[in-house]
Structure formats: structure tokens, C-alpha cells
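# Examining the three-dimensional arrangement
Here's the letter readout for the chains.
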Amino acid sequence: MNIPAALDNLHPSIAPDTVTIVVGGELIHAGPCADERFNIMSVTKAATCTVAGHLVTQGKCTLDDPVAKWIDGFDDRYPAVTLRHLLTMTSGYNAKGGTYGVDECSDGAIDFLDAADPVFDPGTMWHYHDDALRLLTVALPNIGGESLDAMLRKIVPTFTDFEWIDYHGNGRGNDAGSGILTSARALSDFGRYWCAGASGVDPVFVADATRPQSAHLPEYRGPLYRGLGGSDGGAAMGYLWRSNSNGCFPALPPDAFWISGWNHNRLFVVPSKQLVVTRTGADGYIDNTIGKWDAFFAALLN
């Protein structure tokens, strides 16, 4: 592996100072800032998926349970929305305010439980929407009887150096969409867990979480469209993870899966190569970097 060449391919738009590389379970590279904590933003969603998978495996819920079963008062506008809809971003849920201009919150409504009318009927379209995902902030702890933080620490005991913060500090619970503060080195421990098959989670759930679930659905492009779905929209989305089965990264094999977050936070898992790559930061949103990451992997693996 040519690590210097791989890192050089990330410049100048992606600073590689926090990049970590794990091969065969061993950390072979950690950048000079790999121990600095950042909010990993939407990479948090991979942890939310992990908790959901564990609860399903324990038989405490099913993916087709209505969310209203676990959130009081939710059966008025959204009786048909299920946990599966939330994990695949196909619920059509909408909250008042936030991105839609009613309040000043920069990403999602100040109160994500303040429901507005649906954007579309559940299961009919795909839309990257954090207010919908954040319903799991409430639902999963009600199912498991513990906070997301407490459950994740039990499920992945090797992932210890993190803090899972509340949504805007409003007491709603650990933010299921973008609430984890951690370092790239610690995140690599979480990546190892998934690279090894996510122990304690049903293998069927793991397989479905990391392969497309919504490729047959159109992406919502109506007046409330957020435009955060990435270049492939929902075509590669599993249960919050993205699959490389569509060849988004030609240098990676089809079994690779990954998740991205604002500020260019990334977690890549490639089971067939026993490879985990992390990158964390707070450097502002950077788009159109798929080519740079593909060049990174091309140099790393060739």
C-alpha cells in the first residue's frame, strides 16, 4: 500500500491530518490530528443503525413496527410510518420549521416532533431528511429502555472514546442524526466492529443495512427538497449506510460500504479487504470529492 501517495490525492480540498487506515484489524496509519475530537455529524447515523439492528435482533421490535407504537401522539398524521421507513429515509415525514424557513435552526426543525403535513406517502419516495431520522432519537430509547449512548457502549464495547450529545441540548435525547463527538482513531474502532460483521446484530440485518434498499424509488424533488442526498440519491442507501454496489468508488470492490457527514467526515468499510478508513474534521462542507477519495483508494490498494 502506498499510503503517502494515497494521502497526497486528498489535497488540497481535503486535509488528511485526521485520516486513519486499518488493515486486517491493525491500525497502520493515524494522522497527526487523529486523536482530536470532532462532531462527526451524519456519520452518527451508522451508530443509530447499529442500535436499531441490535434491538431488532433482540426481538424488542421489528422493522415494520409503526413508529407510533414507540412515540406518544405520533399516530395522528403518520400512522403508517415504520422503523424501516425511517432507516431507509422513505417516510415522507416533515417537521415544522428549520430548513423550511420558519425558525433559525440551521439543520432541521428546533422541535423535530412538531409534525407538519407529509412530504409524500411513506414508502413511495426517498428523501434525505434529518427531522425524520431524528424520530429515532425518541423511538429507539423507548424500545430499549436506555439512552442511545448507553446502548451503543454495550453493543460495541471497543468504541469508548465518544460523547453522544442531545439534539440542540433540548432534552429530547441523544441526537440520532448528528450527535456523536469522537476522534478518527476512536471511529476506526467502530469501523472495525462493522468490518468484522457487527457482532450481536442479525447477519440478515447487517447485509440489508449495507446494500441498497431504495434503488427502486424516485428521489423526492419537490418544494421541500433538501438536496443533501449526494450524487447517487437514494440508489445506494441501505439502512443509513451507503453501498458501493453501484460502483460509486470504482477503486473499491462492490462489498464496500460507507457513510458521510457534514464537514467532510467519512467512514469507509471494505470487508473483503479487511480495510477501514476514517476521516474527521470541522472544515466546512466540501462537495464533489468522490473523485479524490477514489484516487485515494486507487493509490492505497494498487
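The structure contained in this document is the topic of the report that follows.

Here is what the cut-offs are and how they apply
- Residues numbered from 1 in each chain as written.
- Predicted model: local features only at pLDDT ≥ 70, side-chain atom pairs only at ≥ 80, totals over all residues.
- Heavy atoms only, no water.
- Pairing = 2+ DSSP bridges.
- Helix = DSSP H or I, 4+ residues; strand = E, 2+ residues; numbered from the N terminus.
- Contact = heavy atoms within 4.5 Å.
- Axes fitted to C-alpha atoms, helices over the stretch in contact; angles between N-to-C directions.
- Disulfide = S-S within 2.5 Å.
- Buried < 20%, exposed > 50% of the residue type's maximum accessible area, 1.4 Å probe, protein only.
- Expected span 1.5 Å × (residues − 1).
- Salt bridge = Lys/Arg side-chain N within 4 Å of Asp/Glu carboxyl O.
- Polar contact = N/O pair within 3.5 Å; in protein donor to acceptor, adjacent residues only side chain to side chain.
- Phe/Tyr/Trp six-rings, centres within 6.5 Å; stacked < 30°, edge-to-face > 60°.
- Parallel < 35°, antiparallel > 145°, perpendicular 65-115°, else oblique.
- Left-handed = near helix turned anticlockwise from the far one by under 90°.
- Nonpolar A, V, L, I, M, F, W, Y, C, P; charged D, E, K, R; others polar.

### Quick word on the sheet that holds strand 3 (residues 38–39)
Read across the sheet, 3 strands follow the order 3-5-4 without closing on themselves; strand pairing throughout is antiparallel. Each edge of the sheet is formed by a strand with only one pairing partner; in this case those strands are strand 3 and strand 4 (162–164). Against the sheet, helix 6 (residues 148–155) makes contact with strand 4 and strand 5 (180–182), and its axis sits at roughly 145° relative to strand 4, the strand it touches most.

### What about the state of the cysteines?
Overall, the coordinates contain 0 disulfides when judged by the stated rule. The cysteine Cys 61 is free of any disulfide, with Cys 49 supplying the nearest cysteine sulfur at 12 Å. Accessibility expressed as a relative area gives 5% for Cys 61, which makes it buried.

### Some thoughts on helix 7 (residues 184–195)
Its 12 residues place the ends of helix 7 16 Å apart at the C-alpha level, agreeing with the 16 Å of an ideal helix rising 1.5 Å per residue. Counting buried positions along helix 7 gives 9 out of 12 residues, so the element sits mostly inside the fold. Backbone geometry just after helix 7 places Gly 197 at a positive phi near 105°.

### Comments concerning the pattern of salt bridges
As enumerated under the stated definition, the model contains 16 salt bridges in all. The partner of Lys 69 in a salt bridge is Asp 65, and the shortest N-O contact between them spans 4.0 Å. With relative accessibility at 10%, the residue Asp 65 sits in the buried group. Put simply, Arg 37, Asp 161 and Glu 163 are held in one network by salt bridges that share partners.

### As for the side chain of Asp 65
Considering the arrangement of structural elements, one finds Asp 65 in the loop between helix 2 (44–57) and helix 3 (83–87). A polar atom in the side chain of Asp 65 sits 3.0 Å from the backbone nitrogen of Thr 62. If sequence neighbours within four positions are ignored, Asp 65 has contacts with Trp 70, Val 81, Thr 82 and Leu 83.

### Digging into the packing of aromatic side chains
With the rule as written, the count across this model stands at 23 aromatic pairs. Ring centres 6.5 Å apart and planes at 75° place the aromatic pair Phe 249 and Phe 297 in the edge-to-face group. One end of the pair, Phe 249, is in the loop between strand 6 (242–243) and strand 7 (257–261); the other, Phe 297, is in helix 9 (residues 290–301), with 48 residues separating them in the sequence. Here Phe 249 and Phe 297 have matching classes, each one buried. Counting every residue linked through ring pairs, the aromatic cluster contains Phe 159, Phe 162, Phe 190, Tyr 193, Trp 194, Trp 241 and Phe 257.

### Observations concerning the environment of Pro 16
Along the chain, the position of Pro 16 falls in the loop between helix 1 (3–8) and strand 1 (20–23). When the C-alpha positions of Pro 16 and Asn 244 are compared, they lie 22 Å apart, and in sequence the two are 228 residues distant. The contact partners of Pro 16, leaving out residues within four places of it in the chain, are Leu 7, Leu 10 and His 11.

### Quick notes on the pairing of strand 7
In terms of burial, strand 7 is a largely internal element, 4 of the 5 residues being buried. With 2 bridges joining them, strand 6 and strand 7 adopt antiparallel strand pairing. Residue Ser 243 lies in a different strand from strand 7, and its bridge partner there is Phe 257. By the bridge criterion, 5 bridges tie strand 7 to strand 8 (residues 265–270) in an arrangement that is antiparallel. Within strand 8, the position partnered with Trp 258 by the bridge is Phe 268. Joining the antiparallel neighbours strand 7 and strand 8 is a turn of 3 residues, in which Asn 263 adopts a positive phi near 70°.

### Here we look at the pairing of strand 1
The side chains of a regular strand alternate, residue by residue, between the two faces of the sheet. Relative to strand 2 (residues 26–30), strand 1 runs antiparallel, the two sharing 4 bridges. Across the sheet, residue Val 22 finds its bridge partner in strand 2, namely Leu 27. Where strand 1 hands over to strand 2, the hairpin turn is made up of 2 residues, of which Gly 24 adopts a positive phi near 60°. Bridge count for strand 1 against strand 9 (residues 275–279) is 4 bridges, and the pairing is antiparallel.

### Topic: the sheet that holds strand 8
If you walk across this open sheet you meet the 6 strands as 2-1-9-8-7-6, and the pairing is antiparallel. The sheet terminates laterally at strand 2 and strand 6, the two strands that pair on one side only.

### Some points on the packing of helix 2 against helix 7
Orientation of helix 2 relative to helix 7, taken along the N-to-C sense of each, is 45°, at an axis distance of 12 Å. Judged by the inter-axis angle, helix 2 sits oblique to helix 7. In this structure, helix 2 crosses over helix 7, and the sense of that crossing is left-handed. Two secondary-structure elements touch here, helix 2 through Ala 46, Ala 47, Cys 49 and Thr 50 and helix 7 through Phe 190, Tyr 193 and Trp 194. Tallied by class, the residues present in the contact of helix 2 with helix 7 amount to 6 nonpolar, 1 polar and no charged.

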